Amino acid sequence: MRALRTRVLVAVDASGVAAAAVSGGVGTPRVRSFARAPLEPGALVPDPLEANVARRGEVEAALAQVAAAVEGGRGPVSLILPDGVARTVLLDVPAGVEAREFARYRVAPGLPYAPDEALVDVLALEGGRVLAAAVRRSVIEGYEAAAAAAGLEVDRLDLAPLAALSALARDPRGTAPSVDVILGDRALSLAAWHGGVMRLFRTRLREAGEAEAGWLAREVDRTAAQAASGGNGGPPRIRAVGPGALALLQAWEDEGRRAEPGWTAEGTLPVEAAELAWLGGALA
Amino acid sequence: MRGDRDFSSRPRRRRPAPADLGLLGVGLLTLVVAGYATGTSWADLKRARQHVVDVRRQSEAAQARLRALESRSAPTAALATQALLSEEAAPPRVLADLSGLMPADVKLESMSLTYGEAIAIQMQVSSRSAGSYDAFLQRLEGSPLFDDVVPGEETRDGGVSASITARYRGPR
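Residues numbered from 1 in each chain as written. Chains lettered and ligands numbered in written order. Predicted model: local features only at pLDDT ≥ 70, side-chain atom pairs only at ≥ 80, totals over all residues.

Colleague: Is there a simple way to think about the packing of helix α1 (residues 56-69) of chain A against helix α3 (residues 137-149) of chain A in this case?
Modeller: The axes of two packed helices give the description: the angle between them and the distance between them. All names here are of chain A. Two elements in contact, α1 and α3, have axes whose closest approach is 8 Å; the angle formed by their N-to-C orientations is 55°. Relative to α3, the element α1 lies oblique. The hand of the α1/α3 crossing is right-handed. Within the contact between the two elements, α1 uses Arg-56, Val-59, Glu-60 and Leu-63 and α3 uses Ala-146, Ala-147 and Ala-149. Among the residues making up the contact of α1 with α3, the classes are represented as five nonpolar, no polar and two charged. (Axes fitted to C-alpha atoms, helices over the stretch in contact; angles between N-to-C directions. Helix = DSSP H or I, 4+ residues; strand = E, 2+ residues; numbered from the N terminus. Parallel < 35°, antiparallel > 145°, perpendicular 65-115°, else oblique. Left-handed = near helix turned anticlockwise from the far one by under 90°. Contact = placed C-beta atoms within 7 Å. Nonpolar A, V, L, I, M, F, W, Y, C, P; charged D, E, K, R; others polar.)

Given below as structure tokens:
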């Protein structure tokens, strides 16, 4: 029932703000409307410690612009924050323990700020595992203030890599090794799977330029090898989503490396659906 | 996998999902049905109790009528029996059956018959010899026409003079 109603997602990242209204059931989503407003460099800087919204007026204007273009700016929206703002940890949750509380217990002591400043939540995975993420409260509050000033009724806040993984994790992948590459404007995440279980999750700052495809290919191979931990490796299945995903796939194809976009979607989109990592929040 | 992650600094009060509302509706409907069923059950229980009271009252009334009829029927039955015996066991018949048991030297001095639910005989006999009297008494006790034979006072002075009570059963 829930998946049949229209969901509005508003995603922010360093290069701009985007929004989409998505309807349809799980597995058959349809993008009803889409809007994007670019941001000048430096207006928003994804960072896990410092305030991200550097030039609040520009960010608020972009938020208001996309919200008005999608579903008339009415109704609750999911605000999706970019990659690079959270500390993420892959955890095995003991039976009978509440996952979010366990994640806070494990993650908060290692953060470079006071534990009570951490907002912690999890993405549940198969086999009793969770991907826990902690975001500094002051970082969140900066986004919330900008969204409120733009007139958005924020229903929930999610993170782009977790939103993407929630959709990618639903896709049957078998037991062979695979690596999901989730790109953001400033950071990227690598999720390595083996035996049907997520074994590794890493976050890296992006390296702009033509050399990024080669560097990222080595990161993928290294991550897959660590996930296999001496087991039957073989070339991993690679899927990529996020800004620059199609260019990355093309560069890898030119080098003879096979990879595929993380997803497609029905409806009219001015960009390929795989370029929008945060769209996973509606596809899951 | 999608879950309900929320990194909001002040988590919002969630709007109920349609599925939640559906479940709430089902729950309320179940409550209404349960309430209706309970009310109906109470009504059924009240009706059943009233029915038991009515049946008990009718039973008591029937028992009372039965007792009244029984109390009235006792003399009526006695009278009916008496009438029947008077017709089927008239004194001549009783006397003839009794005489048939008497030896030749036993003589019936007097006899009274009382007709009720049975025929009670009170008789006074005399005999020239004790043996004849004893023989009569023996025949009387052995006869299927008489029972409850009780010898009364008797005088033996060569002969025998005695009273006997018995009950006439008559032929069955």
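Next, the rest of the story.
Colleague: Help me understand the packing of helix α5 (residues 212-228) of chain A against helix α6 (residues 245-254) of chain A in this model?
Modeller: Residue and element names in this part refer to chain A. Two numbers describe how α5 lies on α6: the axes approach to 10 Å, and their chain directions differ by 80°. As far as their axial angle goes, α6 and α5 are roughly perpendicular. Between α5, through Ala-213, Leu-216 and Ala-217, and α6, the contact on the second element is made entirely by Leu-248, Ala-251 and Trp-252. The residue makeup of the contact of α5 with α6, split by class, is six nonpolar, no polar and no charged.

Colleague: Is there a simple way to explain the sheet that holds strand β5 (residues 86-92) of chain A in this structure?
Modeller: Through backbone hydrogen bonds, the strands of a sheet pair up, either in parallel or in antiparallel fashion. All names here are of chain A. Reading across from one edge, β5-β7-β6 is the order of the three strands in this open sheet, with antiparallel pairing throughout. On the outer flanks of this sheet lie β5 and β6 (118-124), each paired with one strand and no other. Going across the sheet, the axis of each strand differs from the next one's by a mean of 25°, ignoring polarity. Of the strand pairs in this sheet, β6 and strand β7 (residues 129-136) are connected by seven bridges, and their pairing is antiparallel. Paired with Leu-119 across the strands is Val-135, a residue of β7. Lying on the sheet, α3 is in contact with β6 and β7; it crosses β7 at an angle near 75°. (Pairing = 2+ DSSP bridges.)

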